[in-house]
Amino acid sequence: MRLYNQLLNEFKREQTGYSTIAIIGQSCIGSVAAMVVLMNHMPEAIKLSLLFLVTILCMAYNAAVLARLSTKTTFNLLVLSVIFSILTIIGILI
């Protein structure tokens, strides 16, 4: 929890810069996750559900930045999006 609070405070301090950089990074990670999901041979319902979740979480963060939501909400969406995308990539590749 201490690491989370430190990262949140740093994100609050320079929100404009970090939001811009984070959009690029999390969009790239989300794109890789979407590619891995689409390349995998799994049932279509599971594939499309995972693709939907990856896409919605990435879009939610981008929308939060554009809508200038609170710093904590924006940061939480960033963390959720990145963690879900990374777990999707790892889960499919293993």
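We now turn to the structure provided with this report. The numbering scheme is per chain: residues are counted from 1 as the chain's sequence reads. In view of the model being predicted, local features appear only for residues whose pLDDT reaches at least 70, and side-chain atom pairs are presented and counted only at 80 or more, with totals across whole chains, interfaces and linings using the full set of residues. Heavy atoms from the whole structure form the basis of all side-chain values; hydrogens and water molecules are not counted.

## Brief notes about the overall build of the protein chain
Looking only at helices and strands, the protein chain features four helices and zero strands. Listing the helices and strands of the protein chain from first to last along the sequence gives α-α-α-α. With the C-alpha coordinates aligned to their principal axes, the bounding extent of the protein chain is approximately 45 × 30 × 15 Å. Between buried and exposed lies partly exposed: a residue is buried under 20% and exposed over 50% of the maximum accessible area for its type, with that area taken using a 1.4 Å probe on protein chains only. In the protein chain, which comprises 94 residues, the share counted as buried stands at 31%. The contact criterion used throughout is that any non-hydrogen atoms of two residues lie within 4.5 Å. The contacts in the protein chain between residues at least 6 apart in sequence include a share of 72% that link residues at least 24 apart. Only DSSP runs of H or I covering at least 4 residues are called helices, and only runs of E covering at least 2 are called strands; the numbering of each starts at the N terminus.

## A short note on the nonpolar core
One recurring pattern in soluble globular proteins is that nonpolar side chains are buried together. Here, nonpolar core means buried Ala, Val, Leu, Ile, Met, Phe, Trp, Tyr and Cys residues that are tied together by side-chain atoms lying within 4.5 Å of each other. One finds L8, F11, A22, Y61, A64, V65, F75, L77 and L78 forming the largest nonpolar core, which totals nine residues. Listing elements by their share of this core, those giving two or more residues are helix 1 (2-13), helix 3 (44-67) and helix 4 (71-93). Sequence-distant contacts of F75, defined by excluding residues within four places in its chain, comprise Y4, L7, L8 and F11. Residues V36, M42, L50 and I92 belong to the second largest nonpolar core, which totals five residues.

## Some details on the pattern of salt bridges
By definition, a salt bridge exists where a carboxyl oxygen of Asp or Glu is found within 4 Å of a side-chain nitrogen of Lys or Arg. Inspection of the entire model under this criterion finds three salt bridges. Between R13 and E10 there is a salt bridge, with its nearest N and O atoms 2.7 Å apart. In this pair, R13 and E10 both sit in helix 1, three residues apart, roughly one turn of the helix. With relative accessibility at 54%, the residue R13 sits in the exposed group. Classification of E10 by relative accessible area gives partly exposed; the value is 28%. For the salt bridge of K47 with E44, the shortest nitrogen-to-oxygen distance reads 3.8 Å. Residue K47 and its partner E44 are both found in helix 3; the two are separated by three residues, about one turn of the helix. One salt-bridge network, in which partners are shared between bridges, spans E10, R13 and E14.

## Let's talk about the packing of helix 1 against helix 2 (residues 15-39)
At their nearest, the axes of helix 1 and helix 2 sit 5 Å apart, and the two run at 105° to each other. Put simply, helix 1 runs roughly perpendicular to helix 2. Seen from helix 1, the contacting residues are E10, F11, K12 and R13; seen from helix 2, they are Q15, Y18 and S19. Tallied by class, the residues present in the contact of helix 1 with helix 2 amount to two nonpolar, two polar and three charged. A fitted line through C-alpha atoms serves as each axis, taken over the contacting stretch for helices, and the angle formed by two N-to-C directions is quoted from 0 to 180°. Here is the rule for angles: anything less than 35 degrees is roughly parallel, anything more than 145 is roughly antiparallel, 65 through 115 is roughly perpendicular, and the remaining ranges are oblique. Here the nonpolar group is Ala, Val, Leu, Ile, Met, Phe, Trp, Tyr, Cys and Pro; Asp, Glu, Lys and Arg are the charged ones; every other residue, Gly included, is treated as polar.

## Here's the deal with the environment of M39
In this structure, M39 sits in helix 2. In this structure the C-alpha to C-alpha distance between M39 and I92, which are 53 residues apart in sequence, comes to 9.8 Å.

## Things to note about the side chain of T88
Topologically, T88 is positioned in helix 4. For T88, a relative accessible area of 8% translates into the label buried. Discounting chain neighbours no more than four positions away, the residues touching T88 are V37, L50 and V54.

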